[in-house]
Amino acid sequence: MRKYSDLEYLKLPKHKRLLYKIAVFFTSIPTKIKNFGLKVYNYIKKIVLGIKDFFVNIVMTFIKGDYKTKISYVIMGFGNITRGQIIRGVFFFVFEAIFIFYMITTGGKWLSLLPSLGLQGPEEVYDETLDTFVTVYHDNSFKILLYGVLTLFFVIAFIYTWYINIKQNRIAEQILATGKKIKSDKDDLHSMVDDQFHKTLLALPITGIVIFTVFPMVFMILVAFTNYSAEFNGFSKLFTWVGWENFNKLFTFGTGVNSLSATFGEVLTWTLIWAFFATFSNYFLGMLVAIMINKKGIRFKKLWRTVLVMTIAIPQFISLLYVSKMFSKSGLVNGMLQSLGWIDTAIPFWENKTLARVMVIVINIWIGIPYLMLIASGILMNIPQDLYESAKIDGANAFKQYTKITLPYMLFVTGPYLLTSFISNMNNFNVIYLLTTGNPTNPNATSSAGSVGFTDLLVTWLFKITTGAESQYYLASVIGIMIFIVVSVISLIVYSLMPSTRNEEDFQ
């Protein structure tokens with residue numbers, strides 16, 4: 001394919017420019033795949049070399065180190081204490097003592113049971129005192145998985161701390177070999193509130209992220225490889241590892257109660273459609289309302305903004321439930337239309353698939369426009385007015401001014417918000433569940449998927465799967481992983497294309 005210069009490209013008609021861009025995109029795919037493969041290869045190579053260097057450093061430090069360093073391999077903190085760094089040494093020693101105590105008392109037990117998730121379930125035992133059989137519970141699969149994963153995190157933390165202990169011994173030896181002094185306890189304390197203060201501040205948040213974000217994510221991912229459900233709850237009936245069986249159910253096409261692929265595909269498609277319309281309808285209509293209110297000559301601007309903001313002030317739990325009842329068959333809307341003689345039978349707003357989907361999108365516009373109106377108002381007031389004046393002199397009409405000035409500025413400033421809004425709408429539980437609870441029910445959905453409705457998003461489907469008498473936590477975990485993958489791919493692609501990260505100098 002011939003490549004045009006910038007001047008030749010600008011001389012092309014608009015339709016040929018579009019065709020040229022499409023051709024360039026498809027012809028660049030092999031190169032992009034090749035470059036991606038090289039990046040993956042280099043990344044893996046870097047990891048392998050890093051692991052190699054890790055073990056080489058440990059071995060060489062032991063071989064070349066003095067007796068203080070060698071003993072520190074077994075008794076953490078020994079080298080620091082004997083070299084005068086008491087606080088560091090005590091920290092390492094106490095951490096090792098706690099780790100050993102925990103592993104001996106309970107940690108070893110959880111790790112040993114983790115591969116099986118329990119060896120002995122509940123049994124009926126005769127109680128002579130009560131003269132009846134009572135249930136005696138033994139292993140608990142849920143606790144084994146929970147504390148087993150927690151123990152693995154503790155082991156990883158211990159290995160990392162042990163390596164830091166070795167590394168500090170190596171650094172201390174190198175400093176002393178040059179005739180310099182190593183940091184004292186006083187220097188360490190001063191450093192924590194001075195040049196290393198950022199680490200002191202970040203220690204607690206990072207610990208919180210690991211405990212309350214990373215750990216639950218790992219636990220959820222592992223649940224996807226088990227048969228954890230209301231039946232196999234790990235207490236009255238142990239659950240076990242099932243490998244990739246749950247993923248095979250989700251991605252195996254066919255018929256029968258174990259085929260979830262068609263249902264998942266339909267719910268995912270509707271989720272993406274909903275997120276697209278819910279995001280961009282609010283975005284452009286909210287921007288339009290802001291432009292109209294901010295236009296010169298419009299009176300009572302504060303009143304219009306206040307009226308719109310009122311929809312934000314009212315809790316969605318109240319407003320959405322009220323709107324849901326309004327549009328029911330026996331609701332206010334159908335009653336008024338029938339009393340006026342405009343309809344003979346009630347309109348099935350929530351019983352018809354197409355009507356229900358259109359209704360949730362339209363009602364979401366009513367909820368979302370005020371947010372965008374407020375955001376857009378602030379941005380519009382900061383766009384240089386001389387740009388509009390120059391455009392008017394050049395003969396640009398209102399539409400040209402919007403497409404060439406207003407919209408590019410809005411996209412530049414609100415690009416990240418637009419992306420997060422799209423992701424939030426994919427997980428918008430309130431609007432869907434409070435309006436329709438996912439109804440109308442999809443009769444074609446596989447029975448193993450639970451009660452799936454035509455307006456169900458992946459997040460509301462997750463809620464239904466994890467509640468009720470037949471809660472399927474393993475299936476919810478699998479779907480949660482797929483949501484994460486879809487959201488991550490969309491976020492990376494859109495973020496790399498948005499103007500906020502590519503053409504920053506054009507808006508400065």
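Up top you'll find the structure we're talking about.
Residues numbered from 1 in each chain as written. Predicted model: local features only at pLDDT ≥ 70, side-chain atom pairs only at ≥ 80, totals over all residues. Heavy atoms only, no water.

> Tell me what's going on with a nonpolar patch on the surface, and back it up with residues and numbers.
Where nonpolar side chains cluster on the molecular surface, the patch consists of Tyr 67, Ile 71, Val 74, Ile 75, Ile 81, Ile 86, Val 90, Phe 93, Val 94 and Ile 98 and spans about 850 Å² of accessible area. Elements represented by at least two residues in the nonpolar patch include exactly α4 (67-72) and α6 (86-113). Considering every element that reaches the nonpolar patch, the biggest residue donor is α6, with five residues. (Patch = residues over 30% accessible without salt bridge, like charges linked within 9 Å, V, L, I, M, F, W, Y side chains within 5 Å. Areas by Shrake-Rupley, 256 points an atom, 1.4 Å probe, with all protein chains shown as cover. Salt bridge = Lys/Arg side-chain N within 4 Å of Asp/Glu carboxyl O. Helix = DSSP H or I, 4+ residues; strand = E, 2+ residues; numbered from the N terminus.)

> If you had to explain the pattern of salt bridges to someone new, which residues and values would you point to?
Using the criterion set out here, one finds five salt bridges in the structure. A salt bridge links Arg 83 to Asp 66; the nearest nitrogen and oxygen atoms lie 3.1 Å apart. In this pair, Arg 83 sits in the loop between α5 (78-82) and α6 while Asp 66 sits in the loop between α3 (29-64) and α4, placing the two residues 17 residues apart along the sequence. Here the residues in one salt-bridge network are Asp 66, Arg 83 and Glu 173, joined through shared partners.

> Report on the packing of helix α12 (residues 301-313) against helix α15 (residues 353-380), specifying residues and quantitative values.
In a pair of packed helices, the angle between the axes and the distance between the axes together describe the arrangement. Contact geometry of α12 with α15 gives a least axis separation of 8 Å together with a crossing angle of 125°. When the interaxial angle is binned, α12 and α15 end up oblique. Crossing handedness for the pair α12 and α15: left-handed. From α12, Arg 305, Leu 308, Val 309, Thr 311 and Ile 312 reach across to α15, where they touch Trp 366, Pro 370, Tyr 371, Met 373, Leu 374 and Ser 377. Each residue belonging to the contact of α12 with α15 can be placed in one class, and the counts come to eight nonpolar, two polar and one charged. (Axes fitted to C-alpha atoms, helices over the stretch in contact; angles between N-to-C directions. Parallel < 35°, antiparallel > 145°, perpendicular 65-115°, else oblique. Left-handed = near helix turned anticlockwise from the far one by under 90°. Contact = heavy atoms within 4.5 Å. Nonpolar A, V, L, I, M, F, W, Y, C, P; charged D, E, K, R; others polar.)

> For the pairing of strand β2 (residues 132-136), give the residues involved together with the corresponding values.
Examined bridge by bridge, strand β1 (residues 123-127) and β2 share five bridges and lie antiparallel to one another. Counted as the bridge partner of Tyr 126 is Phe 133 from β2. The turn linking β1 back onto β2 is made up of four residues, and Asp 131 within it adopts a positive phi angle of 55°. (Pairing = 2+ DSSP bridges.)

> Provide a residue-level description of the packing of aromatic side chains, including the pertinent values.
Counting across every chain of the model gives 31 aromatic pairs. Taking 5.5 Å as the distance between ring centres and 55° as the angle between the ring planes, the aromatic pair formed by Tyr 102 and Phe 154 counts as tilted. Of the two residues, Tyr 102 sits in helix α6 while Phe 154 sits in helix α7 (residues 141-177), which places them 52 residues apart along the sequence. Note on Phe 225 and Phe 247: the rings are 5.3 Å apart at their centroids and 40° apart in plane angle, and the pair reads as tilted. Here Phe 225 is found in the loop between α9 (197-223) and α10 (245-251), whereas its partner Phe 247 is found in helix α10, with 22 residues between them in sequence. Taking the relative accessible area as the measure of exposure, Phe 225 reaches 18% and is therefore buried. Among the aromatic residues, those joined into a cluster by ring pairs are Phe 91, Phe 92, Phe 95, Phe 99, Tyr 102, Phe 154 and Phe 158. Sitting over the face of the ring of Trp 110, Lys 109 holds its NZ or CZ atom 4.7 Å from the ring centroid. (Phe/Tyr/Trp six-rings, centres within 6.5 Å; stacked < 30°, edge-to-face > 60°. Buried < 20%, exposed > 50% of the residue type's maximum accessible area, 1.4 Å probe, protein only. Lys NZ or Arg CZ within 6 Å of the ring centre and 35° of its normal.)

> Summarise unusual backbone geometry; cite the residues concerned and give the values.
Cis rather than trans, the peptide bond between Asn 439 and Pro 440 has omega equal to 0°. Structurally, Pro 440 is set in the loop between α18 (429-435) and α19 (458-465). Non-glycine residue Leu 117 carries a positive phi angle of around 60°. Summarising the element assignment, Leu 117 is placed in the loop between α6 and β1. Looking at Leu 117, the relative accessible area reads 0%, which means it is buried. Even without glycine at this site, Thr 437 takes up a positive phi of about 50°. With relative accessibility at 32%, the residue Thr 437 sits in the partly exposed group.

> Run through the environment of Ser 236, naming residues and quoting values.
The topology assignment puts Ser 236 in the loop between α9 and α10. Residue Ser 236 is classed as partly exposed on the basis of its relative accessible area of 41%. Sequence separation between Ser 236 and Ser 141 is 95 residues; the distance between their C-alpha atoms is 9.7 Å. In this structure, Ser 236 is in contact with Pro 122 and Tyr 137, ignoring residues within four places of it in sequence.

> Can you tell me about the nonpolar core, naming the residues and giving the values?
In terms of nonpolar packing, the biggest core is built from 54 residues, with Trp 274, Trp 350 and Ile 479 touching the most fellow members. At 11 residues, the largest contribution of residues to this core is made by helix α20 (residues 473-497). Residues within four places of Ile 479 in sequence aside, it is in contact with Phe 264, Leu 458, Trp 461, Leu 462 and Ile 465. Formed by 24 residues, the second largest nonpolar core is a distinct cluster that contains Ile 58, Leu 145, Ile 166 and Phe 219. (Core = buried A, V, L, I, M, F, W, Y, C linked by side-chain atoms within 4.5 Å.)

> Which residues make up helix α14 (residues 332-339), and what values go with them?
What α14 keeps buried is the set Val 333, Asn 334 and Leu 337. End-on, the buried residues of α14 take up no more than an arc of 95°, which puts them together on one face. Those residues of α14 that are buried lie in contact with α13 (316-326). Positive phi appears at Gly 341, one or two residues downstream of α14, with a value of about 80°. (Arc of directions from axis to C-beta.)

> Tell me about the packing of helix α11 (residues 261-294) against α12, residues and numbers included.
Close contact between α11 and α12 brings their axes to 9 Å; oriented N to C, the two are set at 155°. The angle between α11 and α12 places the two elements in the roughly antiparallel class. In terms of crossing hand, the pair formed by α11 and α12 is right-handed. Only Lys 301, Trp 304, Arg 305 and Leu 308 of α12 make contact with α11, whose side of the interface consists of Val 289, Ile 293 and Asn 294. The residue inventory of the contact of α11 with α12, partitioned by class, reads four nonpolar, one polar and two charged.

> Now, about the side chain of Asn 334: what can you tell me, with residues and values included?
Inspection of the secondary structure puts Asn 334 in helix α14. For Asn 334, a relative accessible area of 0% gives the class buried. For Asn 334, the contacting residues outside a window of four places in its chain are Met 326, Phe 327, Ser 328, Lys 329, Ile 343, Ala 346, Ile 347 and Phe 349.

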